[in-house]
Amino acid sequence: MIEVSGLSKTYKKKPAVDNVSFTVETGKVTGFLGPNGAGKSTTMRLMLGLDNGHGTATFDGKHLYEYTQPSQIVGILLEAKAFHPTRTARNHLRVLAAAGGIADSRVDEVLDIVGLSDVAKKKPGKFSLGMSQRLGIAAAILGKPKYLMLDEPANGLDPEGIHWLRQFIKDYADEGNGVFVSSHLLSEMSQMADNLVVIGRGKLIAQGSVQDIINGAKGSTVQVRVGKQAVFEKALKNHKLSFEKHDDGLHVFGAKTDAIGKLAFEAGVPVLELANHTVSLEEAFLEITADSQEYRSQDTAKGGKK
Amino acid sequence: MFATLKSEFLKLITVRSTYILTALVLVGAMLLSYFIFGREQEAFASSNPLFLRDAMYTMLGVFATFSAIVAILLVTHEYRYNLISYTLTAASRRSKVFVAKAIILIGYTLVIGAVVAAIGYFGAKAGVASTGAVLAPQDIPVWTTIWQFGAYAVGYTLVGFVLGVLLRSVVGAIVLFFMFPIAEQMMGLLLKDNTKYLPFQALERIGATPGSQMAGPTTTGDLTSLAALGVFAIYLAIAGIVAFVLFVRRDAN
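Residues numbered from 1 in each chain as written. Chains lettered and ligands numbered in written order. Predicted model: local features only at pLDDT ≥ 70, side-chain atom pairs only at ≥ 80, totals over all residues. Heavy atoms only, no water.

Let's shift gears to the environment of Val114(A). Residue and element names in this part refer to chain A. If you trace the backbone, Val114 turns up in the loop between α3 (105-113) and α4 (129-140). Between the alpha carbons of Val114 and Gln167 there is a distance of 12 Å; along the sequence they are 53 residues apart. With residues up to four places along the chain from it excluded, the contact list for Val114 reads Arg134, Ile137, Ala138 and Trp164. (Helix = DSSP H or I, 4+ residues; strand = E, 2+ residues; numbered from the N terminus. Contact = heavy atoms within 4.5 Å.)

Here's what the structure looks like:
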């Protein structure tokens, strides 16, 4: 497990990361979300000890620098185009493999895994963004690390590439590894991640399973249509549950379907229809980060105030 | 440490710039030693017992500039292409990376420097022979020459390395590398005889041949090679410590 505790960093007296704590579990994909400028990349760099700051990040109880071969503990993809443009893709990986004490034979394996074997001897300076991302992922998995930390790995990938990446990340986690991945593609994240960590303006906003975060959003309601609506409304009020009246019945906030069903039964109200009305991850994200958007368009700003 | 050394070695030999710069030096040394030294300096050749040493020293001077640039590129390209994050994450200690880079660069300098010196020696000899002039019997102190030339070339490489670490910018480090000696020349107007205590002046003095006709005017107050090495080493040590501390402690970007 990666345990992050009290990470903080200040740039010119402005907190970039402010006392952020969370965990990344093995066997799961943990998504890392936040608006632009929220401090996601800085948090990742602090976790790896690349930037100076306060707080700790331990990998299975030890700091990264305590491992003799950190590449076999954590594989990273922080920037898509992090390579020398005139060093061939294969040599780029050989350099990184050597640094991690990894055999050259692994280089050809990972090139094969990411589908870059055909361009192994090509200079990556003219690689597309998608190919660069694949090369970055190859570098990350060189040491067969227990943890992967990927910063926006889907950037520039075509639909096939995104599909491949999603499956790759899920498979990697299913093998008992932990994957910590940041992305702006929320639909991708909802399909890929088990858990989420959400930050805004450097502060932790939410963490938990994807479903918990979606359910916790205000937009998530239970839609219920009952036989004796007035009686049921009274019962809801007695239980201090807020609701709205719609054409399709009542939309109850902050409750789950089983609780609403039980309440109706206790009130002697026949239930005609009962359904969860959940928001998408995107809606939940926009809602919980509404106050943390540093850069936003006029439309989003108006939407956030709704 | 071996893993870091291997990685740094691979970094050096897997980029085009290393080969281009090295090839330029080798070809340049061949041409300069044969045509400029061998064929144009007959008067010195027939009277100077240190003629071939001077030839080697001049070629090394050319190489030293290039080796410093190779050092600058090895360091600054890591920052320019955002590789430094990967390098430092893979190494359990940043100090290992710093030391490994320095060792690989010193190794490169000594190996290629030896080749360049050999080219200077044989190129000048062949050039003199081609003119029909008779080369004066050469009396080169071998071991003294080896350490002086080694220290001189390695000194330049380490200057490039330290500048690269301090500035992390290709252009900034190269500009500063070329500006420094010019600045020293200007400071010489103020410092006069004390100019010899400036770092590049001292570095140049390490390999210069005392009493050689090619070594330029020798004043009575000139530093010996060993003293010059001491003066230069003090500057290098101070800059090296600052560079090391910054490399280990500052954000890797």
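As a further point, take α3(A). Residues and elements named next belong to chain A. Every buried residue of α3 is listed here: Arg106, Val107, Val110 and Leu111. All buried residues of α3 fall inside an arc of 140° around its axis, so they share one side. Check the buried side of α3 and you find it contacts α2 (89-99) and α4. Where α3 terminates, the next one or two residues include Gly115, which has phi positive at roughly 75°. (Buried < 20%, exposed > 50% of the residue type's maximum accessible area, 1.4 Å probe, protein only. Arc of directions from axis to C-beta.)

Residue and element names in this part refer to chain B. For chain B, the mean per-residue pLDDT works out to 88, and 95% of the residues sit at or above 70. Helix α6 (residues 94-131) holds the highest mean pLDDT among the elements of chain B, 93, whereas helix α3 (residues 42-47) holds the lowest, 76. For this predicted complex, the interface score ipTM comes out at 0.85, alongside a pTM of 0.82. (pLDDT = per-residue confidence, 0-100.)

Another point: unusual backbone geometry. Excluding glycine, most residues fall at negative phi; most peptide bonds, likewise, are trans. Positive phi values are uncommon outside glycine, yet Arg201(A) reaches one of about 50°. In this structure, Arg201(A) sits in the loop between β8 (195-200) and β9 (203-209).

Looking now at the layout of surface pockets. If you add up the space inside the largest pocket, you get close to 580 Å³. Those elements that provide at least two residues to the lining of the largest pocket are α1 (40-47) and β4 (54-59) of chain A together with α5 (84-90) and α6 of chain B. Residue classes in the lining of the largest pocket are distributed as 13 nonpolar, 10 polar and three charged. (1 Å grid on protein atoms, 1.4 Å probe; cavity = no way out; pocket = protein on both sides within 12 Å on 5 of 7 lines; lining within 4 Å. Points joined across faces, edges and corners; volume = space filled by probe spheres on them. Nonpolar A, V, L, I, M, F, W, Y, C, P; charged D, E, K, R; others polar.)

In the structure shown here, the tally under the stated rule is 21 aromatic pairs over all chains. Summarising the aromatic geometry, the rings of Phe22(A) and Phe180(A) are spaced 5.3 Å apart at their centres and angled 25° between planes, so their arrangement reads as stacked. In this pair, Phe22(A) sits in strand β2 (residues 14-24) while Phe180(A) sits in strand β7 (residues 178-182), placing the two residues 158 residues apart along the sequence. In this structure Phe22(A) comes out as buried when scored by relative accessible area, which is 2%. Taking relative accessible area as the criterion, Phe180(A) reaches 0% and is therefore assigned buried. With centroids separated by 4.9 Å and ring planes inclined at 85°, the aromatic side chains of Tyr34(B) and Phe35(B) adopt a geometry described as edge-to-face. Taking relative accessible area as the criterion, Phe35(B) reaches 42% and is therefore assigned partly exposed. (Phe/Tyr/Trp six-rings, centres within 6.5 Å; stacked < 30°, edge-to-face > 60°.)

Residues and elements named next belong to chain A. With respect to topology, four strands assemble into an open sheet ordered β11-β12-β10-β13, the strand pairing being antiparallel. Lying at the two open borders of the sheet, with one neighbouring strand each, are β11 (243-246) and β13 (271-277). This sheet shows a mean twist of 20° between the axes of neighbouring strands, independent of strand direction. Two strands pair when backbone bridges link them, and strand β10 (residues 221-226) and strand β12 (residues 249-253) are joined in this way by four bridges, in the antiparallel orientation. What sits directly across from Val222, in β12, is Val252. The strands that helix α9 (residues 257-267) touches are β10, β12 and β13; relative to β13, the one it contacts most, it runs at about 160°. (Pairing = 2+ DSSP bridges. Axes fitted to C-alpha atoms, helices over the stretch in contact; angles between N-to-C directions.)

Take the packing of α2(A) against α3(A) next. All names here are of chain A. Following both chains from N to C, one finds α2 and α3 inclined at 125°, their axes separated by 9 Å at the closest point. Considering the angle they form, α2 stands oblique to α3. You can see that α2 and α3 cross each other, and the crossing is right-handed. Across from Arg90, Leu93, Arg94 and Ala97 in α2, the residues of α3 making contact are Val107, Asp108, Val110 and Leu111. (Parallel < 35°, antiparallel > 145°, perpendicular 65-115°, else oblique. Left-handed = near helix turned anticlockwise from the far one by under 90°.)

This paragraph deals with the interface of chain B and chain A. Residue-level contacts link 26 residues of chain B with 36 residues of chain A. Around 2,600 Å² of area is buried between chain B and chain A when both sides are counted, 54% of it from carbon and sulfur atoms. Our count for the contact surface shared by chain B and chain A stands at one salt bridge. For Asp251(B), the salt bridge identified is with Lys9(A), shortest N-O distance 2.9 Å. Summed over the shared surface of chain B and chain A, the result is 16 residue pairs in polar contact (both at pLDDT 80 or more). When contributions to the side of chain B that touches chain A are tallied by element, the ones reaching two or more residues are α1 (2-13) and α5 of chain B. Residue classes in the side of chain B that touches chain A are distributed as 10 nonpolar, eight polar and eight charged. (Buried area = accessible area lost by both parts, 1.4 Å probe. Salt bridge = Lys/Arg side-chain N within 4 Å of Asp/Glu carboxyl O. Polar contact = N/O pair within 3.5 Å; in protein donor to acceptor, adjacent residues only side chain to side chain.)

Now for the environment of Val20(A). All names here are of chain A. Its place among the elements puts Val20 in strand β2. Under the relative-accessibility criterion, Val20 is labelled buried at 0%. Spatially, the C-alpha atoms of Val20 and Thr56 are 9.9 Å apart, while their sequence positions differ by 36 residues. Not counting chain neighbours up to four residues away, the residues in contact with Val20 comprise Val4, Ser5, Gly6, Leu7, Ile199, Gly202, Lys203 and Leu204.

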